Amino acid sequence: MTNHPEIVDHGGYAGHGEDYLLPSDAPVQLIAPEGAPMTAGDYKEPYALPDDATLLDGYERLVIGRRVNEQAGALVRQGRMAVYPSSYGQEACQVASDMCLRSSDWLFPTYRDTVAILGRGVTPMEAFESLRGDWHSGFDPHQYNTGLPTTPLATQLLHAVGVAHAAKLRGEDTVALALCGDGATSEGDFHEALNFAAVFHVPVVFLIQNNQYAISVPLIHQSVAPSLAHKAVGYGMPGERVDGNDLAALLAVLGHALERARDGGGPSLVEAHTYRMEAHTNADDATRYRSAEEVAQWVPKDPLLRLQKYLSDAGLLGAADTERFAAAAEVVAKTIRDGLNTETSPDPADLFAYVYSEPTPQLREQAFMLAEELSAGQPLEGAQS
Ligand SMILES: Cc1ncc(C[n+]2csc(CCOP(=O)(O)OP(=O)(O)O)c2C)c(N)n1
């Protein structure tokens, strides 16, 4: 029993019993890697295949997402962008996140979730500005109800809990969806976010995109839990696991978790099984810690090809659709290309301008030193000649 109005005694999780917190015995799959619809699996919820129009919409988003990854990779190689954490092969998790959220909900992405950020309506150049290194964030989170892509691992989970908690206190039906990687589950912030969310019954869903690696650290060196979804049980929230390369399954599982949160059912944790097909970023050499054979095993599980096969076999994807989606993707790619091929001349003083509303003495001193060096025409310390 509790006197705190926000703390709910679920009495065995709202009458479901403890098993309700456990994930399904296997990751939820509604479309097999070869593109065939699956017969009903023995999952903890009756997950259903989304309707045709939803899947076609999802497919178009996957085509655009893939093109964004390809274009960004090319621009990084051309030196037009400082860094790009590719989500090639993982796009379905981000596309499903966008499709399951309302515009009034909040998304809290990581550095690898550019595709999801674009899907929230952020313009390509706003999304790519910070990756190019010429502006601090690129977009206003409040304009798109989308947090900035966070590089400090797992911090965004706490931001999501805070926003969702505030919405609950205001009596709004807003929910928050927070994305993170498998590596981020080892952070203290992950624990704090899930614990607070469960105790205060906050309308938030945590989606772990388990792409098997935290840079060079494989999952087996990260956690020996039965699955990352099982971690939910310890916090007292339901966990679920899903094939992260099956857009249909992601839509069903995430949709269910978000609607439960919206209906006052509290937080939950979803683990999506996927794979990081490319290096961690362009600064990483993935061949140093994983074999080509391992990567090759994931090629046939590609989320885009899987849905393409399903839709084609069902007679839902015609040549005109394919052409239209490719053209839409090309428009986005061209916008990114044109934007990043335009020279900018960022003011070096901006480095210090937006850190604190009142700059600290140290920042003031550093800004002064930089200004002096620049006005004397000296190369910056550490700059290559
Ligand atoms: C708090 C913190 N510690 C360490 C790092 C360095 N770091 C950047 S990415 C990364 C791996 C993260 O892996 P994961 O959470 O699985 O996400 P992925 O990159 O695979 O999407 C690490 C350790 C960081 N950014 N923040």
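Note that this is a predicted model, so its numbers are computed, not measured. (Residues numbered from 1 in each chain as written. Predicted model: local features only at pLDDT ≥ 70, side-chain atom pairs only at ≥ 80, totals over all residues. Heavy atoms only, no water.)

## Some words on empty space enclosed by the protein
As a reminder, the rule being used: Two kinds of site are reported from a 1 Å grid over the protein atoms alone, namely cavities, where a 1.4 Å probe fits but cannot get out, and pockets, open sets with protein on both sides within 12 Å along at least five of seven lines, and residues are called lining when an atom falls within 4 Å of a point. Grid points are joined across faces, edges and corners, and a volume is the space filled by probe spheres set on the points. Starting at the N terminus, helices and strands are each numbered in turn, a helix being any DSSP run of H or I of at least four residues and a strand any DSSP run of E of at least two. Classes in brief: Ala, Val, Leu, Ile, Met, Phe, Trp, Tyr, Cys and Pro nonpolar; Asp, Glu, Lys and Arg charged; the others, Gly included, polar.
Inspection of every chain in the model, using the stated rule, returns 1 cavity of 30 Å³ or more. The volume enclosed by the largest cavity comes to roughly 70 Å³. Together, 13 residues line the largest cavity, and Tyr47, Gly239, Glu240, His256 and Arg260 are the ones closest to its centre. It is helix 10 (residues 247–262) that contributes the most residues to the lining of the largest cavity, 4 residues altogether. Residue composition of the lining of the largest cavity, by class: 6 nonpolar, 3 polar and 4 charged.

## Observations concerning the packing of helix 2 (residues 52–77) against helix 12 (residues 303–313)
Applicable threshold: Angles here are taken between N-to-C directions and fall from 0 to 180 degrees, while the axes themselves are lines fitted to C-alpha atoms, restricted in helices to the stretch in contact. The hand of a helix crossing depends on one turn: near helix anticlockwise from the far one by less than a right angle means left-handed, and clockwise means right-handed. Note on contacts: a residue pair is in contact if any heavy atoms of the two residues lie within 4.5 Å.
Here helix 2 crosses helix 12 at 145 degrees, and the two axes come no closer than 10 Å. Here helix 2 and helix 12 pass one another in a crossing that is left-handed. For the pair formed by helix 2 and helix 12, the contact residues are Leu55, Leu56, Gly58, Tyr59, Leu62, Val63 and Arg66 on the first element and Pro303, Leu304, Leu307, Gln308, Tyr310 and Leu311 on the second.

## Digging into the side chain of glutamate 126
To keep things clear, this is the line we draw: Throughout, exposure labels follow a simple rule: accessible area from a 1.4 Å probe, protein chains only, divided by the maximum for the residue type, with under 20% read as buried, over 50% as exposed, and the rest as partly exposed. For the purpose of counting charges, residues Lys and Arg are taken to be positive, whereas Asp and Glu are taken to be negative. His and the chain ends are not included. In the sections that follow, a salt bridge refers to a side-chain nitrogen of Lys or Arg positioned within 4 Å of a carboxyl oxygen of Asp or Glu.
Relative to the helices and strands, glutamate 126 resides in helix 5 (residues 124–132). Although buried, glutamate 126 forms no salt bridge, and the nearest oppositely charged side chain, arginine 120, lies 12 Å from it. Apart from the residues lying within four places of it in its own chain, the contact partners of glutamate 126 are Ser137, Gly138, Phe139, Gln143 and Tyr144.

## What about the pairing of strand 2 (residues 176–181)?
Heads up, the condition is: Think of it this way: DSSP has to see at least two bridges between two strands before they count as a pair.
Across the 6 residues that make up strand 2, a large majority, 5, are buried. Pairing of strand 1 (residues 106–108) with strand 2, which is carried by 3 bridges, proceeds in the parallel orientation. From the neighbouring strand, tryptophan 106 faces strand 2, where its bridge partner is alanine 176. Two elements, strand 2 and strand 3 (residues 204–210), share 6 bridges in a ladder whose sense is parallel.

## Observations regarding the pattern of salt bridges
Scanning the entire structure with this criterion turns up 15 salt bridges. The shortest N-O distance in the salt bridge between aspartate 243 and arginine 306 comes to 3.0 Å. Within this pair, whereas aspartate 243 is found in strand 6 (residues 239–243), its partner arginine 306 is found in helix 12, the two being separated by 63 residues in sequence. The exposure class assigned to aspartate 243 is buried, which follows from its relative accessible area of 10%. Several salt bridges share partner residues, and in doing so they unite Arg66, Glu91 and Asp302 into one network.

## Observations regarding helix 2
Spelled out, the test is: Multiplying 1.5 Å by the helix residue count minus one yields the expected span of that helix. In protein, a polar contact requires one atom able to donate a hydrogen and another able to accept it; more generally it is a pair of N or O atoms within 3.5 Å, and residues adjacent in sequence count only if both atoms are side-chain atoms.
Here helix 2 spans 38 Å end to end across 26 residues, near enough to the 38 Å set by a 1.5 Å rise per residue. A side-chain oxygen of the first residue of helix 2 lies 3.3 Å from the backbone nitrogen of alanine 53; this N-cap is aspartate 51. Downstream of helix 2 by one or two residues, glycine 79 has phi in the positive range, about 80 degrees.

## Overview of the sheet that holds strand 7 (residues 268–273)
Taking strand neighbours across the sheet as the criterion, the 5 strands line up as 1-2-3-7-6 in an open arrangement whose pairing is parallel. Each edge of the open sheet is held by one strand with a lone partner, namely strand 1 and strand 6. With strand direction ignored, the average angle separating the axes of adjacent strands in the sheet is 20 degrees. Pairing geometry for strand 6 and strand 7, over 5 bridges, is parallel. Bridge assignment links valine 242 to a residue of strand 7, and that residue is alanine 272. Against the sheet, helix 3 (residues 91–100) touches strand 1, strand 2, strand 3 and strand 7, its axis set at about 165 degrees to strand 3.

## Considering the domain arrangement of the protein
Definition in use: The domain limits used here are those given by an automatic or database domain assignment.
Partitioning the protein into domains gives domain 1 (16–341) and domain 2 (347–384). Look at where the C-alpha atoms of domain 1 and domain 2 centre, and you get two points 37 Å apart.

## Points about the site of the ligand
Selection criterion: Residue proximity to a molecule or strand is established when one non-hydrogen atom of the residue lies within 4 Å of it. Accessible surface area values rest on a Shrake-Rupley calculation with a 1.4 Å probe, where residue burial reflects the displayed protein chains alone.
Near the ligand lie 15 residues; those nearest to it are Tyr111, Arg112, Thr151, Gly183 and Tyr213. Here an oxygen atom of the ligand and a side-chain polar atom of arginine 112 are 2.7 Å apart. In the model, a nitrogen atom of the ligand is placed 2.9 Å from a nitrogen or oxygen of the threonine 151 main chain. Surface burial for the ligand is 72%, taken as the share of its 580 Å² of free accessible area covered by protein chains.

## Quick word on the nonpolar core
For the record, the criterion: What we call a nonpolar core is a set of buried Ala, Val, Leu, Ile, Met, Phe, Trp, Tyr and Cys residues that are connected through their side-chain atoms within 4.5 Å.
Counting residues in each nonpolar core, the largest one holds 64 residues, and the members touching the most others are Met81, Phe128, Leu177 and Leu307. Ala178, Ala184, Ala193 and Val202 belong to the second largest nonpolar core, which has 26 residues in total.

## Some details on the environment of glutamate 91
One can find glutamate 91 in helix 3. Overall, the relative accessible area of 1% leaves glutamate 91 in the buried class. A C-alpha to C-alpha distance of 8.9 Å links glutamate 91 and glycine 244, two positions 153 residues apart in sequence. Within the structure, the side chain of glutamate 91 is placed 2.7 Å from the side chain of arginine 66, a separation counted as a polar contact. Of the polar contacts made by the side chain of glutamate 91, one reaches the backbone nitrogen of glycine 89; its length is 2.8 Å.

## Observations concerning the layout of surface pockets
Its boundaries defined by the atoms lining it, the largest pocket holds a volume of some 580 Å³. If you trace the largest pocket, you find 34 residues lining it, with Thr110, Tyr111, Arg112, Thr150 and Thr151 closest to the centre. If you list the elements that add at least two residues to the lining of the largest pocket, you get helix 4 (114–119), helix 5, strand 2 and strand 4 (213–214). Sort the elements by how many residues they give to the lining of the largest pocket and helix 5 lands first, with 3 residues. When its residues are assigned to classes, the lining of the largest pocket shows 16 nonpolar, 15 polar and 3 charged.

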